[in-house]
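# Remarks on the overall topology
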Amino acid sequence: MEELTKNNECEDARKIDDSFGNTASKKHAKRVWEIDFIRGVAILGMVVDHFLWDLGNLNCFFFNYREVNIEWVNQMGEALRIWYAGGRQYFHNLAFLFFLICGISSTFSRNNWKHSLKIFAASFLLFLGTYILYHVSYAINPSSALDFRILFGVLYALAAGTFFVSLVPQICVWILNLIERIKAKIASHKGDTYECAKIQQAPDWIKWVYLALGAGLIFFWIIYTFCAIYPARNVSISSFGDFWYWWIRKYDSAPYVYLSSPREGGNWFANIFGLNFQDFMLSLVGFRSVGSDFFSLLPWVGWTLLGAFLGKTVYSKRRSLLPKLDGKWNKPFAYAGNKCLWIYVFHQVVLILIIAIVFCPMGYRFF
């Protein structure tokens, strides 16, 4: 009976798939419904957030925005820009939910290498698409180039997090096998016999490695932000309100590097990417921020590793913690959670089409 139970649990685990989006996609698979639900709420919230940003920045889309000069459109844009400058930051940093859920889901999967490559591929397509859009529109009319370049977006950080969730156990296995070989050599020098064990799977304590690494990366970023970045930017914190405001902003606190145009670049690398190689590498890690939708390795990979810790502890049985609350009410959000990757890749295309349908008849033009 115990063996049968283990086999059933393994079969359920096999049905749980995809570290970004397809948790339990088969018809009879047991879903961890709250994972899909939270991910669905997060992705739909992101779509609303991006749509409001688009509406507040129509001047970035339409080169003749000022010439058309429709009063209610101007007022809407101004109101949304005020919201964007203040309150949006509080919602923006809820992105850590994506990374926690990604980490939890990655512990359900049998092949995180494949999933990380898939997310990297989607990230590369977004990078390629936004850069081609910019360079083509710049070639047509430099003064109205559509600049939504995404160099290190959220998919890049999610893919990197999934990659590290897979890499950490492999490194632990390699270290343990190295220790076994060292023990065997020491025993051989002493004339003793030592049977060198071949370790192929990471031990159960790997979850504590995830916790230590994840918390370490996040706390390093917090300390670095408050002790190095903010003093360099002359940010003074004299009250709890100041502290809380900058606490919320710490994930976007790295000095921003403005992407240059091909005319300003200076060399082939800067002409293509819009920044020099040094800033490129610093942005990759997180010591600079650049472009649209910026998410770097620090601190976001730390949240994914914390999610892996939760997956190995809270969701160690790979089953829902709230099965009685599951029902039809969560299906729309769960469906969005299952299609999260596709929604992320294509949602801005749909939003821009909506903007074009609504505003182009009023006289606004992209080119």
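Residues numbered from 1 in each chain as written. Predicted model: local features only at pLDDT ≥ 70, side-chain atom pairs only at ≥ 80, totals over all residues. Heavy atoms only, no water.

## Regarding the environment of Val68
- Its place among the elements puts Val68 in helix H4 (residues 65–68).
- Note on Val68: relative accessible area 21%, which makes it partly exposed.
- The spatial distance from the C-alpha of Val68 to the C-alpha of Met362 is 8.1 Å, given a sequence separation of 294 residues.
- Apart from residues lying up to four places away in sequence, Val68 is in contact with Met362, Gly363 and Tyr364. (Helix = DSSP H or I, 4+ residues; strand = E, 2+ residues; numbered from the N terminus. Buried < 20%, exposed > 50% of the residue type's maximum accessible area, 1.4 Å probe, protein only. Contact = heavy atoms within 4.5 Å.)

## Quick notes on the packing of aromatic side chains
- One pass over the full model with this rule turns up 47 aromatic pairs.
- Note that Arg149 overlies the ring of Tyr131, its terminal NZ or CZ placed 5.9 Å from the centroid.
- A cation sits over an aromatic face here: Lys250 above Trp247, 3.5 Å from the ring centre. (Phe/Tyr/Trp six-rings, centres within 6.5 Å; stacked < 30°, edge-to-face > 60°. Lys NZ or Arg CZ within 6 Å of the ring centre and 35° of its normal.)

## Some remarks on the nonpolar core
- Of all hydrophobic cores here, the largest spans 62 residues; its most connected members are Phe99, Leu151 and Leu155.
- When residues of this core are traced back to their parent elements, those giving at least two are helix H2 (33–56), helix H7 (96–106), helix H8 (112–140), helix H9 (154–190), helix H10 (206–232), helix H13 (268–273), helix H15 (297–313) and helix H17 (340–359).
- Ranked by size, the runner-up nonpolar core spans 15 residues in total, among them Phe62, Tyr65, Tyr364 and Phe366. (Core = buried A, V, L, I, M, F, W, Y, C linked by side-chain atoms within 4.5 Å.)

## Observations regarding a nonpolar patch on the surface
- There is a patch of nonpolar side chains on the surface, built from Phe124, Leu125, Leu128, Ile132, Val136, Ile140 and Phe367 and spanning about 680 Å² of accessible area.
- Structurally, Ile132 can be placed in helix H8. (Patch = residues over 30% accessible without salt bridge, like charges linked within 9 Å, V, L, I, M, F, W, Y side chains within 5 Å. Areas by Shrake-Rupley, 256 points an atom, 1.4 Å probe, with all protein chains shown as cover. Salt bridge = Lys/Arg side-chain N within 4 Å of Asp/Glu carboxyl O.)

## As for the packing of H8 against H17
- For the pair H8 and H17, the least separation of the axes is 10 Å and the interaxial angle reads 10°. What the angle tells us is that H8 and H17 run roughly parallel. In this structure, H8 contributes Lys118, Ala122 and Leu126 to the contact, and H17 contributes Leu341, Tyr344 and Val345.
- Looking at the contact of H8 with H17 residue by residue, the class counts come to five nonpolar, no polar and one charged. (Axes fitted to C-alpha atoms, helices over the stretch in contact; angles between N-to-C directions. Parallel < 35°, antiparallel > 145°, perpendicular 65-115°, else oblique. Nonpolar A, V, L, I, M, F, W, Y, C, P; charged D, E, K, R; others polar.)

## What to know about the side chain of His347
- Looking at where His347 falls in the secondary structure, it is placed in helix H17.
- Side chain to side chain, His347 and His50 meet in a polar contact 2.8 Å long. (Polar contact = N/O pair within 3.5 Å; in protein donor to acceptor, adjacent residues only side chain to side chain.)

## Considering the environment of Val136
- Looking at where Val136 falls in the secondary structure, it is placed in helix H8.
- C-alpha separation for the pair Val136 and Leu146, spaced 10 residues apart in sequence, amounts to 8.8 Å.

## A short note on helix H16 (residues 331–338)
- Buried within H16 we find Ala334, Ala336, Gly337 and Asn338.
- Elements that come into contact with the buried residues of H16 comprise H2 and H17.

Read these as geometric descriptors, not functional statements.
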